[in-house]
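# Chain and residue survey
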Amino acid sequence: MARGSRLARVAALGLLGVLALTGCTPNNEFWRWGWPDGITDEAYEMRTLWIWSVIAALIVGFAVWGLIGWSVVMHRKRGDELPKQTAYNLPLEIVYTIIPFLIIAGLFFFTVVVQNRVQERSADPDVTIAVNAFKWNWQFVYPETTGADGEPINTVGNSEEIPILVVPTDETVRFELASADVIHSFWVPEFLFKLDVIPGNENGRDNVFEVTVREEGAFVGRCAELCGTYHAYMNFEVRAVSAADYDAYLAARESGLSTYDALESIGQPGAATSTAPFDLIDDLQRADG
């Protein structure tokens, strides 16, 4: 009983230590365990879940390794006499059943909480952008705008031009995804999030998500679903700019400027900087050679 009491005290102290540490989640390359930093509020939630899941796994791992080492040392062979045999230890078996259940339940709980937070949708987002995927590129439509032709302004990629998706920082941005053919996947690594683009989902209930970008810059985007021959060529770029520059960009587009010229007008590079179009002819020649 004394040994069990000591183990209980150690476990309680360990639990209190973990609870105290959760008040301050570390954020550097070491503590992220290879997980990217992310540039959105939603990415912060996922990064925190990842860090503490790894820490929990390491705590369990060190505890198991410690018990294995203790058993090896304390129960090593000391002679030819057969040691005392124990058929079962009911209290210990109950503890070893309850602890894994509590660990799994805790991880499940926090996973669901973070998942709900990441997939949460506001009643009135600041910006809505329609993303249309097709074999093998992207179209970005700003439905709340009106271009020179009377239609919402949009940007379409092709084999010679990477499409640029311009978004404002510090505002809630809703993406409504659609596919013209097969299943694609909208993935921006810096969002720490990707969503499959399912065709035939006219009501948009499942192909919608929101983010709040907190960092300006150019970030590569990709299709993360094997969608056909030129799947690897479906790159795009997210250009995060200030809210004022975003409004100026939309105004320039509505006046008739192209994506390139509108970006240049707000002091941004007109072409993608995070990725470049693949040379289809050169790649095919390499493959044939």
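Counting starts from 1 at the beginning of each chain's written sequence and moves along it residue by residue. Only residues with pLDDT of 70 or above have their local features reported here, since the model is predicted, and side-chain atom pairs are shown and tallied only from 80 upward, although totals for entire chains, interfaces and linings are computed over all residues. Water and hydrogen atoms play no part in the side-chain values, which are based on all heavy atoms of the structure.

Per an unreviewed UniProt entry, the recorded name for the protein chain is cytochrome-c oxidase, and the organism is Geodermatophilus obscurus. UniProt positions are given in the numbering used here, feature names are shortened, and annotations may be inferred rather than shown by experiment. According to UniProt, the comment filed for the protein chain under the heading Function (unreviewed entry) is "Subunits I and II form the functional core of the enzyme complex. Electrons originating in cytochrome c are transferred via heme a and Cu(A) to the binuclear center formed by heme a3 and Cu(B)."

## Quick word on the pairing of strand 2 (residues 137-141)
Of all five residues in strand 2, four are buried, a share of seventy percent or more. We call two strands paired when DSSP finds no fewer than two bridges between them. The numbering of helices and of strands both runs from the N terminus, where a helix is a DSSP run of H or I of at least 4 residues and a strand a run of E of at least 2. Pairing between strand 1 (residues 127-134) and strand 2: five bridges, direction antiparallel. Following the sheet pairing, Ala130 is matched in strand 2 by Val141. Taking the residues that link successive antiparallel strands as the turn, the strand 1-strand 2 hairpin has two residues. Judged from the three bridges that link them, strand 2 and strand 3 (residues 154-156) form a sheet pairing that is antiparallel. For Gln139, the partnering residue across the bridge sits in strand 3 and is Val156. To sort residues, take the accessible area from a 1.4 Å probe on protein chains only and compare it with the maximum for the residue type: under 20% means buried, over 50% means exposed, and anything in between is partly exposed.

## Quick look at the pattern of salt bridges
What counts as a salt bridge is simple: a side-chain nitrogen of Lys or Arg found within 4 Å of a carboxyl oxygen of Asp or Glu. According to the stated counting rule, one finds six salt bridges in the structure shown. When the shortest N-O distance is used, the salt bridge between Asp41 and Arg214 registers 2.8 Å. Linking Asp41 in helix 2 (residues 41-74) with Arg214 in the loop between strand 8 (208-212) and strand 9 (217-223), this pair joins segments that are 173 residues apart in sequence. Ionic pairing is found between Asp170 and Arg214, a salt bridge with its closest N-O pair at 3.0 Å. On the criterion of sequence distance, the pair formed by Asp170 in the loop between strand 4 (164-168) and strand 5 (172-179) and Arg214 in the loop between strand 8 and strand 9 is long-range, its members being 44 residues apart. For Asp170, a relative accessible area of 48% translates into the label partly exposed. Take Arg214: its relative accessible area is 46%, and that puts it in the partly exposed class. It is possible to trace a salt-bridge network through shared partners that takes in Asp41, Asp170 and Arg214.

## Digging into the sheet that holds strand 7 (residues 193-197)
Read across the sheet, five strands follow the order 4-10-9-6-7 without closing on themselves; strand pairing throughout is mixed. Because the sheet does not close on itself, it has two edges, and the strands there are strand 4 and strand 7. In this sheet, neighbouring strand axes are inclined to one another by 25 degrees on average, regardless of whether the strands run parallel or antiparallel. Where strand 9 lies against strand 10 (residues 235-241), six bridges are found, and the strand directions are antiparallel. From the neighbouring strand, Ala218 faces strand 10, where its bridge partner is Arg239. Note on contacts: a residue pair qualifies if any of its non-hydrogen atoms lie within 4.5 Å across the two residues. To get an axis, a line is fitted to the C-alpha atoms, and for a helix only the part in contact is used. The angle between two axes follows their N-to-C directions and goes from 0 to 180 degrees. Relative to strand 4, helix 4 (residues 243-254) is tilted by about 130 degrees, and along the sheet it contacts strand 4 and strand 10.

## So, the packing of aromatic side chains
Centre distance within 6.5 Å is the pairing criterion for rings of Phe, Tyr and Trp, where only the six-membered ring of Trp is used; planes under 30 degrees apart are then read as stacked, over 60 as edge-to-face, and the remainder as tilted. Following the criterion strictly, the structure yields 15 aromatic pairs and no others. Ring centres of Phe109 and Phe110 lie 5.2 Å apart, and the angle between their planes is 75 degrees; on these two criteria the pair is classed as edge-to-face. The exposure class of Phe110 is partly exposed, given its relative accessible area of 49%. Ring plane angle 50 degrees and centroid distance 5.9 Å describe the contact between Phe186 and Phe209, whose orientation is recorded as tilted. With Phe186 in strand 6 (residues 184-188) and Phe209 in strand 8, this residue pair connects regions lying 23 residues apart in the sequence. An aromatic cluster of at least three residues, connected via ring pairs, comprises Trp138, Phe140, Phe175, Phe186, Phe191, Phe193, Phe209 and Phe236.

## Description of the packing of helix 2 against helix 3 (residues 90-118)
Following both chains from N to C, one finds helix 2 and helix 3 inclined at 170 degrees, their axes separated by 9 Å at the closest point. Considering their axes alone, helix 2 and helix 3 lie roughly antiparallel with respect to each other. Seen from helix 2, the contacting residues are Asp41, Glu42, Glu45, Met46, Leu49, Ser53, Val60 and Leu67; seen from helix 3, they are Tyr96, Ile103, Leu107, Phe110, Thr111, Val114, Arg117 and Val118. Across the contact of helix 2 with helix 3, the residue classes break down as ten nonpolar, two polar and four charged. Angle categories: roughly parallel below 35 degrees, roughly antiparallel above 145, roughly perpendicular from 65 to 115, and oblique for all the rest. Under the grouping applied here, Gly and all other residues not named as nonpolar or charged are polar, the nonpolar ones being Ala, Val, Leu, Ile, Met, Phe, Trp, Tyr, Cys and Pro and the charged ones Asp, Glu, Lys and Arg.

## A short note on the pairing of strand 4
Among the five residues in strand 4, five count as buried, and that is most of the element. Side chains of strand 4 alternate between two faces, with Ile164, Val166 and Pro168 and Leu165 and Val167 buried alike. Sheet analysis places strand 4 next to strand 10, joined by five bridges and oriented parallel. If you follow Pro168 over to strand 10, its bridge partner there is Val241.

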